[in-house]
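Summary of the model geometry
If you want the building blocks of each chain, they are given just below.
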Amino acid sequence: MPMPVPPPASLPSWAHFEHRADMGVAGYGLTPAEAFEQAAMALTAVICDPARVRPAQAIAIQCEEPDLELLFVDWLNALIYEMAVRHLLFSRFEVQIEGAVLRAEAWGEPIDPERHQPAVEIKGATYTALAVQQDDAGHWVARCVVDV
Amino acid sequence: MDLKTLTKLTDTQWRIEPKGPMRVPGILFGNEALIRDMDDKVYEQVANVASLPGIVQAAYAMPDAHWGYGFPIGGVAAFDPDEGGVVSGGGVGFDISCGVRTLHTGLDRAAILAVQRELADALYYRIPVGLGSTGAIRLDDREMDAMLAGGASWAVGRGYGRPEDLGRIEENGRMAGADPKQVSEQAKRRQRDEMGTLGSGNHYLELQEVTAIHDPAIAATYGLEQGAVVVSIHCGSRGLGHQIGTDYLKRMALAASQHGIHLPDRELACAPLNSDLGRAYLGAMCAGINCALANRQILTHLARQVFRDILGADLRLLYDVSHNTCKLEEHRVEGRQRRLYVHRKGATRAFGPGHPDLPADLRAAGQPVLIGGTMGTASYVLAGTRQSQELAFNSACHGAGRAMSRHAATRRWQGRAVQNELASRGILVRSPSPRGMAEEAPGAYKDVSEVVAATDRAGLAKLVARLEPLVCIKG
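Residues numbered from 1 in each chain as written. Chains lettered and ligands numbered in written order. Predicted model: local features only at pLDDT ≥ 70, side-chain atom pairs only at ≥ 80, totals over all residues.

Further remarks concern the overall build of chain B. On a plain count of helices and strands, chain B comes out with 15 helices and 19 strands. For chain B, the C-alpha radius of gyration of 21 Å lies close to 23 Å, the compact-globule estimate for 475 residues. Judged by the C-alpha coordinates and their principal axes, chain B covers about 60 × 50 × 50 Å. Per-residue burial for chain B yields a buried fraction of 62% across its 475 residues. (Helix = DSSP H or I, 4+ residues; strand = E, 2+ residues; numbered from the N terminus. Rg over C-alpha atoms; globule rule 2.2 N^0.38 Å. Buried ≥ 20, exposed ≤ 12 C-beta atoms within 10 Å, placed from the backbone.)

Our next topic: the overall build of chain A. Per the secondary structure count, chain A includes three helices and eight strands. Put simply, chain A runs from its N terminus to its C terminus through helices and strands in the order β-β-α-β-α-β-β-α-β-β-β. For 148 residues, the compact-globule estimate of 2.2 N^0.38 gives 15 Å, and chain A sits close to it at 14 Å. The principal-axis extent of the C-alpha atoms belonging to chain A is close to 45 × 35 × 25 Å. Per-residue burial for chain A yields a buried fraction of 54% across its 148 residues. Pairs at least 24 apart in sequence give 59% of the contacts found in chain A among residues at least 6 apart. (Contact = placed C-beta atoms within 7 Å.)

Attention now moves to unusual backbone geometry. All names here are of chain A. Residue Ala129 is not a glycine yet carries a positive backbone phi of 55 degrees. Among the structural elements, Ala129 can be located in the loop between strand S6 (124-125) and strand S7 (131-134). Take Ala129: there are 18 C-beta atoms within 10 Å of it, and that puts it in the partly exposed class.

Residues and elements named next belong to chain A. Judged by pairing direction, the sheet is antiparallel, and its three strands sit side by side in the order S3-S5-S4 without closing on themselves. Each edge of the sheet is formed by a strand with only one pairing partner; in this case those strands are strand S3 (57-64) and strand S4 (88-98). Each strand of the sheet is rotated relative to its neighbour by a mean of 20 degrees, with strand direction disregarded. With respect to the sheet, helix H2 (residues 68-86) is in contact with S3, S4 and strand S5 (101-110), its orientation differing from that of S3 by roughly 140 degrees. (Pairing = 2+ DSSP bridges. Axes fitted to C-alpha atoms, helices over the stretch in contact; angles between N-to-C directions.)

On to the environment of Gly199 of chain B, then. Structurally, Gly199 of chain B can be placed in the loop between helix H7 (185-191) and strand S8 (204-213). You can call Gly199 of chain B buried: it has 27 C-beta atoms within 10 Å. It is 9.5 Å that separates the C-alpha atoms of Gly199 of chain B and Thr134 of chain B, two residues lying 65 residues apart in sequence. Among all residues touching Gly199 of chain B, those that are not within four sequence positions of it are Glu121 of chain A together with Cys235, Arg238 and Gly475 of chain B.

What follows is about the pairing of S4 of chain A. All names here are of chain A. Two strands pair when backbone bridges link them, and S4 and S5 are joined in this way by ten bridges, in the antiparallel orientation. Directly across from Phe93, in S5, lies its bridge partner Ala106. In textbook terms, the turn of a hairpin is the stretch between consecutive antiparallel strands, and for S4 and S5 this stretch comprises two residues, one of which, Gly99, has a positive phi near 65 degrees.

A few words on the interface of chain A and chain B. Every contact between the two is made by 27 residues of chain A and, on the other side, 34 residues of chain B. When residues of the side of chain A that touches chain B are traced back to their parent elements, those giving at least two are strand S1 (13-18) and H2 of chain A. Per-element tally for the side of chain A that touches chain B: the top contributor is H2 of chain A, with five residues. Residue composition of the side of chain A that touches chain B, grouped by class: 14 nonpolar, eight polar and five charged. (Nonpolar A, V, L, I, M, F, W, Y, C, P; charged D, E, K, R; others polar.)

On to helix H15 (residues 448-458) of chain B. Turning to H15 of chain B, its buried residues are Val448, Val451, Val452, Ala454, Thr455, Asp456 and Ala458 of chain B. In the stretch just after H15 of chain B, Gly459 of chain B is the one whose phi turns positive, near 85 degrees.

All names here are of chain B. Taken together, seven strands build an open sheet; the order of strands is S1-S2-S3-S4-S5-S13-S12 and the sheet is mixed. On the outer flanks of this sheet lie strand S1 (7-10) and strand S12 (324-333), each paired with one strand and no other. Each neighbouring strand pair of the sheet contributes to a mean axis angle of 25 degrees, computed without reference to strand direction. Of the pairings in the sheet, the one linking strand S5 (residues 73-79) to strand S13 (residues 336-345) comprises five bridges and is antiparallel in character. By the bridge assignment for S13, Ala77 is matched with His343. Set on the sheet, helix H2 (residues 40-49) makes contact with strand S2 (13-16), strand S3 (26-29), strand S4 (55-66) and S5; between it and S4 the angle comes to about 160 degrees. Here H15 sits on the sheet and contacts S2, S3 and S4; the angle it forms with S4, its principal contact strand, is near 145 degrees.

Soluble, globular proteins show a tendency: their nonpolar side chains are buried together. Grouped together as the largest cluster of nonpolar side chains are 215 residues, with contacts concentrated most on Ala39 and Val146 of chain A together with Leu382 of chain B. Residue contributions to this core peak at 17 residues, all from helix H10 (residues 276-311) of chain B. Ignoring any residue separated from it by four or fewer positions in sequence, one finds Val146 of chain A in contact with Asp22, Met23, Val25, Leu43, Val46, Leu76, Ile122, Ala125 and Thr126 of chain A. (Core = buried A, V, L, I, M, F, W, Y, C linked by C-beta atoms within 7 Å.)

Before going further, it helps to examine helix H13 (residues 415-424) of chain B. Three- or four-residue spacings in an α-helix give side chains the same orientation, since the helix completes a turn every 3.6 residues. Residues and elements named next belong to chain B. Considered for burial, the residues of H13 that qualify are Gly415, Val418 and Gln419. Taken around the axis of H13, the buried residues stretch over an arc of 100 degrees, which confines them to a single face. Exposed and facing more than 90 degrees away from the buried side of H13 are Arg416, Asn420 and Ser424. Phi turns positive, to about 90 degrees, at Gly426, one or two residues after H13. (Arc of directions from axis to C-beta.)

We now examine the environment of Glu109 of chain A. Residue and element names in this part refer to chain A. Relative to the helices and strands, Glu109 resides in strand S5. Each C-alpha atom, one on Glu109 and one on Pro32, is 26 Å from the other, the two residues being 77 residues apart in sequence. Beyond its immediate sequence surroundings of up to four residues, Glu109 is in contact with Val53, Arg54, Ala56, Gln57, Leu88 and Leu89.

Residue and element names in this part refer to chain B. The N-to-C vectors of helix H9 (residues 238-255) and H10 enclose an angle of 165 degrees; their axes lie 9 Å apart at closest approach. Considering their axes alone, H9 and H10 lie roughly antiparallel with respect to each other. Crossing hand, H9 versus H10: left-handed. For the pair H9 and H10, the contacting residues are Arg238, Leu240, Gly241, Ile244, Tyr248, Arg251, Met252 and Ala255 in the first and Leu277, Tyr281, Ala284, Met285, Gly288, Cys291, Ala292 and Asn295 in the second. Classifying every residue of the contact of H9 with H10 by side-chain character gives eleven nonpolar, three polar and two charged. (Parallel < 35°, antiparallel > 145°, perpendicular 65-115°, else oblique. Left-handed = near helix turned anticlockwise from the far one by under 90°.)

Moving on, we come to the confidence of the model for chain B. Chain-level pLDDT for chain B is 95 on average; 100% of the residues reach the 70-or-more range. We note a pTM of 0.96 for the whole complex and an ipTM of 0.92 for its interfaces. (pLDDT = per-residue confidence, 0-100.)

All names here are of chain B. Between helix H4 (residues 116-126) and H10, the least distance of the axes is 10 Å, while the angle of their chain directions is 145 degrees. H10 is crossed by H4, and the crossing has right-handed handedness. Packed against H4, whose contacting residues are Glu118, Leu119, Ala122, Leu123 and Arg126, the element H10 presents Leu302, Ala303, Gln305, Val306 and Ile310 at the interface. For the contact of H4 with H10, a count of residues per class yields seven nonpolar, one polar and two charged.

So this is what it looks like as structure tokens:
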């Protein structure tokens, strides 16, 4: 079973959780948007150490989907798509969610195999272990398994 | 998995009795140890697949089955379009038509070892591998659609390979029914510079020595001899297939209720075969299969260039199999011939001797079933059997399957150490990513030999030859 690690004391933050063949990404924050930003960091960390990625250039991303969980998968898939077609890695994110619309900026730089040492490419975000939830303390978690 | 939840039919066949919404039973193949080691999610996912509309006979799990998306990896299920049957994006997977092809080098171990390092370096230089790598081919809109309609046949027409290659590929290298219009612009854009790239993760190009012959007669038909060296390529439909999977998973999940389909797991997203969405997915998925076939054909061309330059050798194609597909096939069910859509998710088609779709010179032996290993363990060649038709719609296992998560693997191993340890055993690995090598360490996988032995014992496919790696180009 994919069990996300418990939300840590200091927010925002991100984590990976175990899946036998692939990997789970989880973001924690005080708002859904913050949890989405952190999950995007976890997405980059599936590929390489985010600290090695310079936030040198920004791209804009927009998604629209009324279901917050499906919006989360759309957000991750938009990042996967942009990484693939632009050959970029990202390390900084700013997300705004208004109703069904997500507007974001993602900062990163072109993939440098020597410096970034990318371990694996991500095929897509899945609906497995998908959740966007608020806990009793009011903290948000956004998580799902990604196919690598 | 708790064996008490299953009915034991034979030493290698276990049944999940139908209950609740299940329309048919589930059948798991594997010896007791493999079944016990399977995660409980396989049980749940097989039971979920068995509840889908129009499923025929049973939902199956191969001996290498593990937790997947909706369907288990190693899952097989056939659906009848005339009985409300469905097609499922999760039942095919994100890497559409990921598969293996094996080529004869006509050379023995000694000839390869004389230039082993040079070959490893040249293949690593010539084959685009790893995240962000691009191929030399750029496809404009018209060529993209021609590739998606033509598959390996398109590639051969553009000079990548020879016409005689095509007979040794499933569907003669071109999947009928492809509809490039059903493939999104995003999917096409993702593929624009990825033709002829290997990818990453568990994808590889290996030089392998034939170290054991288990069935001399079939091995002779396949052209496999003890000590001979082959090239095996494992990869799929690259970014295009991944994007088709992403696009249709969402469309099918959102439309399920309109089609009156209850999804116990959103990842089981599917659409009736006889619906606009079902037909659109089939058209896109068949285009994805063609992309994978074209990609493996271009990689073959690159490998041939290296062998020609260094050894003056030619590579002849033994066979090319696909693992993640849904194909229309004729099967005999309870005495009646039926046209069914067979999903194989992480499972290999395994047509038995005499099947009309096999090339004439292989027909008597049955279809080559190519089972990939890991960087450090064996791969296997098996042959389709007559009984596999009634056992699981002519299907067999596809590989070892992971035993450990990627995180657990990186905690246990370091990439360079894995590479050095393999080099000390005579296996040269070339990879852009140390962490990738750690995540793909041979010890992170199940014992492929046990999976293959169970497949043979169950009668799904017959063991023919064992292959061991000498060189591995890893994404």
